[in-house]
Amino acid sequence: MISQAEQERLLAPIMIQKVERDFGSVTAVERLLWPGRVWMHCEIKDWTLSNAKECLRIWPDFLKELVTKGYKEIYSAIPEGDAKLRKWQEKFGLTELYRVRGVLIFRKDLDYGN
């Protein structure tokens with residue numbers, strides 16, 4: 001069994017890239033526990049139509065930057081039963097991978113001809 005401190009170290013996010021705008025931010029992090037897997041996190045102040053459009057507009061370049069860093073897929077996790085967040089996962093091109101303990105895990109393959 002590993003210590004609490006070791007668990008926290010393995011789960012602590014390692015910032016890969018971050019885009020900040022007036023609407024909030026889109027972040028990609030990696031965790032030592034899952035090397036090579038990058039996780040998406042969006043922190044949006046208000047999901048207005050204009051903010052959503054801006055977020056979707058920057059998304060392709062955000063993903064291409066991850067590809068240049070050697071990543072082949074991106075993941076996200078949302079609470080099971082949150083229809084609004086599920087809709088946004090799908091708008092961003094992520095598909096449901098599996099369910100675990102009330103959480104839905106989504107994934108998007110990053111295939112840009114590389």
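The structure we're discussing is the one just above.
Basis of the calculations
The residue numbers shown here count from 1 along each chain, following its written sequence. The predicted nature of this model means local features are confined to residues of pLDDT at least 70 and side-chain atom pairs, given and counted, to a pLDDT of 80 or more, with totals for whole chains, interfaces and linings taken over all residues. Processing note: side-chain calculations cover all non-hydrogen atoms of the structure and skip hydrogens and water entirely. The term salt bridge refers to a side-chain nitrogen of Lys or Arg lying within 4 Å of a carboxyl oxygen of Asp or Glu. The helix and strand labels rest on DSSP assignments: H or I over at least four residues marks a helix, E over at least two residues marks a strand, and numbering proceeds from the N terminus. Each residue is assigned to one of three classes by its accessible area relative to the maximum for its type, calculated with a 1.4 Å probe on protein chains only: buried under 20%, partly exposed between the two thresholds, exposed over 50%. Contacts were defined at the residue level, with two residues in contact if any of their heavy atoms lie within 4.5 Å. In this description, a nonpolar core means a group of buried Ala, Val, Leu, Ile, Met, Phe, Trp, Tyr and Cys residues linked to one another through side-chain atoms lying within 4.5 Å. Two strands pair if DSSP finds at least two bridges between them. All axes are obtained by fitting lines to C-alpha atoms, using only the stretch in contact for helices, and the reported angles, taken between N-to-C directions, cover 0 to 180 degrees. When the strands point away from the viewer, a crossover counts as right-handed if the path from the first strand over the helix to the second runs clockwise.

A. Representation of the pattern of salt bridges. Across all of its chains, the model carries 7 salt bridges by this definition. Between arginine 21 and glutamate 54 there is a salt bridge, with its nearest N and O atoms 3.5 Å apart. In this pair, arginine 21 is assigned in strand 1 (residues 13–21) and glutamate 54 in helix 2 (residues 49–68), connecting sequence segments 33 residues apart. By relative accessible area, which is 37% here, arginine 21 ends up partly exposed. For glutamate 54, a relative accessible area of 22% gives the class partly exposed. Among the ionic pairs, glutamate 90 bridges to arginine 86, the shortest N-O distance being 3.4 Å. With glutamate 90 and arginine 86 both in helix 3 (residues 83–91) and 4 residues apart, this pair spans about one turn of that helix. Through salt bridges with shared partners, a single network forms among Glu80, Arg86, Glu90, Glu96 and Arg99.

B. Structural view of the side chain of threonine 27. Turning to its location among the elements, threonine 27 is positioned in strand 2 (residues 24–31). On the basis of relative accessibility, which here comes to 6%, the residue threonine 27 falls in the buried class. Other than its neighbours up to four places away in sequence, threonine 27 contacts Met15, Gln17, Lys18, Trp39, Met40, His41 and Phe62.

C. A look at the environment of glutamate 20. Relative to the helices and strands, glutamate 20 is located in strand 1. On the accessibility criterion, glutamate 20 (58% relative accessible area) is exposed. Put simply, glutamate 20 and arginine 107 are 87 residues apart on the chain and 22 Å apart in space, counted from C-alpha to C-alpha.

D. Local environment of the nonpolar core. With 25 residues, the main nonpolar core has Trp59, Phe62, Leu66 and Ile74 as its most contacted residues. At the level of secondary structure, the elements contributing two or more residues to this core comprise strand 1, strand 2, strand 3 (34–44), helix 2, strand 4 (73–79) and strand 6 (103–109). When residues no more than four places from it in sequence are discounted, the contact partners of leucine 66 are Ile16, Gln17, Ala28, Val38, Tyr71, Ile74 and Leu110.

E. Broad picture of the sheet that holds strand 3. Spatially, 6 strands are ordered 1-2-3-4-6-5 in an open sheet, and the strand pairing comes out mixed. What marks the edges here is a single partner per strand, and that holds for strand 1 and strand 5 (95–100). Direction aside, the axes of adjacent strands within the sheet are offset by 25° on average. One ladder, built from 2 bridges, connects strand 3 with strand 4; its direction is parallel. Bridged to tryptophan 39 within strand 4 is tyrosine 75.

F. Seen up close, the pairing of strand 4. In terms of burial, strand 4 is a largely internal element, 5 of the 7 residues being buried. In this fold, strand 3 hands off to helix 2, which returns the chain to strand 4; that crossover is right-handed. In the sheet, strand 4 pairs with strand 6 via 7 bridges, with the strands oriented antiparallel. Bridge pairing in strand 6 places glutamate 73 opposite aspartate 109.

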